[in-house]
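Chain by chain, the residues:
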Amino acid sequence: MHLTVLLHGDPRAPQQARLGAALASRGHRVILCDAPGVAAAIRREHGQRCEELTLLSSVAAIPQPLRRLWAKRRARELGVDVVHLNFLRPWHDLWSTMRGGPPILATAWGSDINDDVFQKTRRTTRRLDHVLSRAAAVSADSVPLLSRAKARMGARAAAVPSRIVLWGVDLETFDRQKSLDGAARFRRALGIEPGQRVLLSPRQTKPHYHPDRILRAFAASRWAREGVLVIKLHGRPEEVPCKEALRALAGELGVGASVRFADPCPYSELRGLYAMADAAVSLLEADGVPSTFCELAALGVPIVASDLPAYEGVLQHDERALLVPPRDHGALVAALDRLIDEPDLAPRLAERGRAWALEHADWQRCVDQFEALYRAAMACSIALSRG
């Protein structure tokens, strides 16, 4: 049975475009709420159809009760079977305070419900807890994150279906052999000489991603003498000051000529950028399991990352990645140097990373799991209404 799924989450997240395109390719009706950029990516980059609904931005001045009634009416007119909230926001309580509205699948990403690292006002926390407490299903991409989300659901958690669903990797697209031409193009475009090693910082440049720590470790490691650091940009306005600060820091550290910034690229070209790398680094202190890790693993790119509980079962130290204690500069430099000093290490990490991705991160299986949660949410909503 095909469903009508309303996606309402991060309006700039490529994961949402991937999911919407995958659902549309399976015959589901996909509606993007307040996310014109995601809708454009579904059509332009993925070649799939979707509809759009402008909801909150068009009625910002209307009192909450009237906005809620209007949203409920539009959802009924469109025949929405389930609302999938990707990355929880306080204004999603529009759906959770709605009586008789469509069932909600709440997918927590980490920074949305982590109050320890990402500080929020009490009002924001209360609104997010309300969204979780009214969800008909919940998902996350790691055990700690799913446990945190369920703990904030209250008594309802026991009756609501929950599941870990990775954001996965399109194994056909992120194939090593298919990525080689794109990798060569990126090396030429970034002025990387043949034989130079490439260390990639693939995630965002926001402060809590700590690109400055990655840059400092690069400068202190053998990589600065034998290669370049490539910092991926994502095309967001706030990146401009971050980029300039990183450029200035590179100059201070004496590695300005060895740092490159990769401009934003379409999803279809991402595999070339990743395949160009000899290793990739991520230094968050709170995280889920990003699709970036799945994509890098599928391409056989060794990963160096902070040792976080969320990565358990995914980035196994010395087997599929090198993990270092958060904020430990010396351990990070040592891990980077190991990839150069131990010739057998990187190939071993690459081989075992690929094997894990093939077995656990196939994107089509992840979409299967989201579909199952949509139907479980619908069934749960009916059962609770009768309860």
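Residues numbered from 1 in each chain as written. Predicted model: local features only at pLDDT ≥ 70, side-chain atom pairs only at ≥ 80, totals over all residues. Heavy atoms only, no water.

### Considering the overall build of the protein
Turning to step 1, where the next piece is worked out: The number of helices and strands found in the protein is 15 helices and 13 strands.
Turning to step 2, where the next piece is worked out: Its C-alpha radius of gyration of 22 Å places the protein within 12% of the 21 Å reference for a compact globule of 387 residues.
Turning to step 3, where the next piece is worked out: Here the C-alpha coordinates of the protein stretch approximately 65 × 40 × 40 Å along the principal axes.
Turning to step 4, where the next piece is worked out: In the protein, which comprises 387 residues, the proportion classed as buried is 54%.
Turning to step 5, where the next piece is worked out: Put simply, of all contacts in the protein between residues at least 6 apart along the chain, 70% involve residues at least 24 apart.
Turning to step 6, where the next piece is worked out: Accessible surface computed for the protein: about 16,800 Å², of which carbon and sulfur atoms make up 50%.
Turning to step 7, where the next piece is worked out: Looking at the protein, you have 53 positive and 44 negative side-chain charges, and the mean spots of the two groups are 8 Å apart. (Helix = DSSP H or I, 4+ residues; strand = E, 2+ residues; numbered from the N terminus. Rg over C-alpha atoms; globule rule 2.2 N^0.38 Å. Buried < 20%, exposed > 50% of the residue type's maximum accessible area, 1.4 Å probe, protein only. Contact = heavy atoms within 4.5 Å. Areas by Shrake-Rupley, 256 points an atom, 1.4 Å probe, with all protein chains shown as cover. Lys, Arg positive; Asp, Glu negative; His and termini not counted. Charge placed at Lys NZ, Arg CZ, Asp CG, Glu CD.)

### Focus on the environment of Ala140
Turning to step 1, where the next piece is worked out: Position of Ala140 relative to the elements: it lies in strand β6 (residues 137-140).
Turning to step 2, where the next piece is worked out: Residue classification places Ala140 among the buried residues on the basis of a relative accessible area of 1%.
Turning to step 3, where the next piece is worked out: In sequence terms Ala140 and Arg163 are 23 residues apart; their C-alpha atoms lie 6.9 Å from each other.
Turning to step 4, where the next piece is worked out: Not counting residues within four places of it along the chain, the set of residues in contact with Ala140 comprises Ala108, Leu145, Leu146, Arg163, Ile164 and Val165.

### Focus on the packing of aromatic side chains
Turning to step 1, where the next piece is worked out: According to the stated counting rule, one finds seven aromatic pairs in the structure shown.
Turning to step 2, where the next piece is worked out: Connected via pairs of aromatic rings, a cluster forms that spans Phe87, Trp109, Trp167, Trp363 and Phe370.
Turning to step 3, where the next piece is worked out: A cation over a ring is seen here: Arg18 above Trp363, with NZ or CZ 4.2 Å from the ring centre. (Phe/Tyr/Trp six-rings, centres within 6.5 Å; stacked < 30°, edge-to-face > 60°. Lys NZ or Arg CZ within 6 Å of the ring centre and 35° of its normal.)

### With respect to the packing of helix α8 (residues 211-220) against helix α13 (residues 329-341)
Turning to step 1, where the next piece is worked out: Here α8 crosses α13 at 55°, and the two axes come no closer than 9 Å. Relative to α13, the element α8 lies oblique. The element α8 and its partner α13 pack so that their crossing is right-handed. Across from Arg213, Arg216, Ala217, Phe218 and Ala220 in α8, the residues of α13 making contact are His329, Leu332, Val333 and Leu336.
Turning to step 2, where the next piece is worked out: Here the contact of α8 with α13 is built from residues that sort into six nonpolar, one polar and two charged. (Axes fitted to C-alpha atoms, helices over the stretch in contact; angles between N-to-C directions. Parallel < 35°, antiparallel > 145°, perpendicular 65-115°, else oblique. Left-handed = near helix turned anticlockwise from the far one by under 90°. Nonpolar A, V, L, I, M, F, W, Y, C, P; charged D, E, K, R; others polar.)

### What to know about a nonpolar patch on the surface
Turning to step 1, where the next piece is worked out: The grouping of Ile62, Leu66 and Leu69 at the surface amounts to a nonpolar patch, some 280 Å² of accessible area in total.
Turning to step 2, where the next piece is worked out: When you line up the elements, Ile62 lands in the loop between β3 (51-53) and α3 (64-78).
Turning to step 3, where the next piece is worked out: The exposure class assigned to Ile62 is partly exposed, which follows from its relative accessible area of 33%. (Patch = residues over 30% accessible without salt bridge, like charges linked within 9 Å, V, L, I, M, F, W, Y side chains within 5 Å. Salt bridge = Lys/Arg side-chain N within 4 Å of Asp/Glu carboxyl O.)

### With respect to the pattern of salt bridges
Opposite charge on two side chains allows them to pair when their charged atoms are near.
Turning to step 1, where the next piece is worked out: In the structure shown here, the tally under the stated rule is 23 salt bridges.
Turning to step 2, where the next piece is worked out: Between Arg73 and Glu77 there is a salt bridge; the shortest N-O distance is 3.0 Å. Taken as a pair, Arg73 and Glu77 lie in helix α3 at a separation of four residues, close to a single helical turn.
Turning to step 3, where the next piece is worked out: For Arg73, a relative accessible area of 55% translates into the label exposed.

### Things to note about the nonpolar core
Turning to step 1, where the next piece is worked out: Counting residues in each nonpolar core, the largest one holds 74 residues, and the members touching the most others are Leu32, Val230, Met276, Leu315 and Tyr374.
Turning to step 2, where the next piece is worked out: The element that contributes the greatest number of residues to this core is helix α15 (residues 363-386), accounting for eight residues.
Turning to step 3, where the next piece is worked out: Contacts of Leu32, omitting those with residues within four sequence positions, involve Leu7, Gln16, Val38, Ala39, Ile42, Cys50, Glu51, Glu52 and Leu53. (Core = buried A, V, L, I, M, F, W, Y, C linked by side-chain atoms within 4.5 Å.)

### Notes on the sheet that holds strand β9 (residues 227-232)
Turning to step 1, where the next piece is worked out: In spatial order, the strands read β10-β9-β8-β11-β12-β13; together these six strands make up an open sheet with parallel pairing. Among the strands making up the open sheet, the edge pair consists of β10 (259-262) and β13 (322-324). With direction set aside, neighbouring strand axes in the sheet form an average angle of 25°.
Turning to step 2, where the next piece is worked out: With four bridges connecting them, β9 and β10 associate as parallel partners. Bridging across to β10, Lys232 finds its partner in Ala262. (Pairing = 2+ DSSP bridges.)

### Notes on empty space enclosed by the protein
Turning to step 1, where the next piece is worked out: For the structure shown, the criterion picks out three cavities of 30 Å³ or more.
Turning to step 2, where the next piece is worked out: Taken as a whole, the largest cavity spans an internal volume of roughly 60 Å³.
Turning to step 3, where the next piece is worked out: Around the largest cavity, the lining residues are Phe293, Ala297, Val301, Ile303, Val314, Leu315, Arg320, Gly353 and Trp356.
Turning to step 4, where the next piece is worked out: Within the residue set of the lining of the largest cavity, elements represented by two or more residues are α12 (291-298) and α14 (345-360).
Turning to step 5, where the next piece is worked out: A class-by-class count of the residues in the lining of the largest cavity yields seven nonpolar, one polar and one charged.
Turning to step 6, where the next piece is worked out: Counted as a void, the second largest cavity has a volume near 40 Å³.
Turning to step 7, where the next piece is worked out: Of the residues assigned to the lining of the second largest cavity, the class counts are one nonpolar, two polar and four charged. (1 Å grid on protein atoms, 1.4 Å probe; cavity = no way out; pocket = protein on both sides within 12 Å on 5 of 7 lines; lining within 4 Å. Points joined across faces, edges and corners; volume = space filled by probe spheres on them.)

### Looking at the side chain of His84
Turning to step 1, where the next piece is worked out: Relative to the elements of secondary structure, His84 occurs in strand β4 (residues 82-86).
Turning to step 2, where the next piece is worked out: Among the polar contacts listed, one links the side chain of His84 to the side chain of Asn86, at a separation of 3.0 Å.
Turning to step 3, where the next piece is worked out: Not counting chain neighbours up to four residues away, the residues in contact with His84 comprise Val5, Leu6, Leu7, His8, Leu19, Leu105, Thr107, Phe370 and Tyr374. (Polar contact = N/O pair within 3.5 Å; in protein donor to acceptor, adjacent residues only side chain to side chain.)

### A word on unusual backbone geometry
Turning to step 1, where the next piece is worked out: Look at Asp34: it is not a glycine, yet its phi comes out positive at around 55°.
Turning to step 2, where the next piece is worked out: Examined against the element boundaries, Asp34 turns out to sit in the loop between β2 (29-33) and α2 (36-44).
Turning to step 3, where the next piece is worked out: In this structure, Asp318 takes a positive phi of about 70° despite not being glycine.
Turning to step 4, where the next piece is worked out: With respect to the secondary-structure elements, Asp318 resides in the loop between β12 (303-306) and β13.
Turning to step 5, where the next piece is worked out: Assessed through its relative accessible area of 25%, Asp318 is described here as partly exposed.

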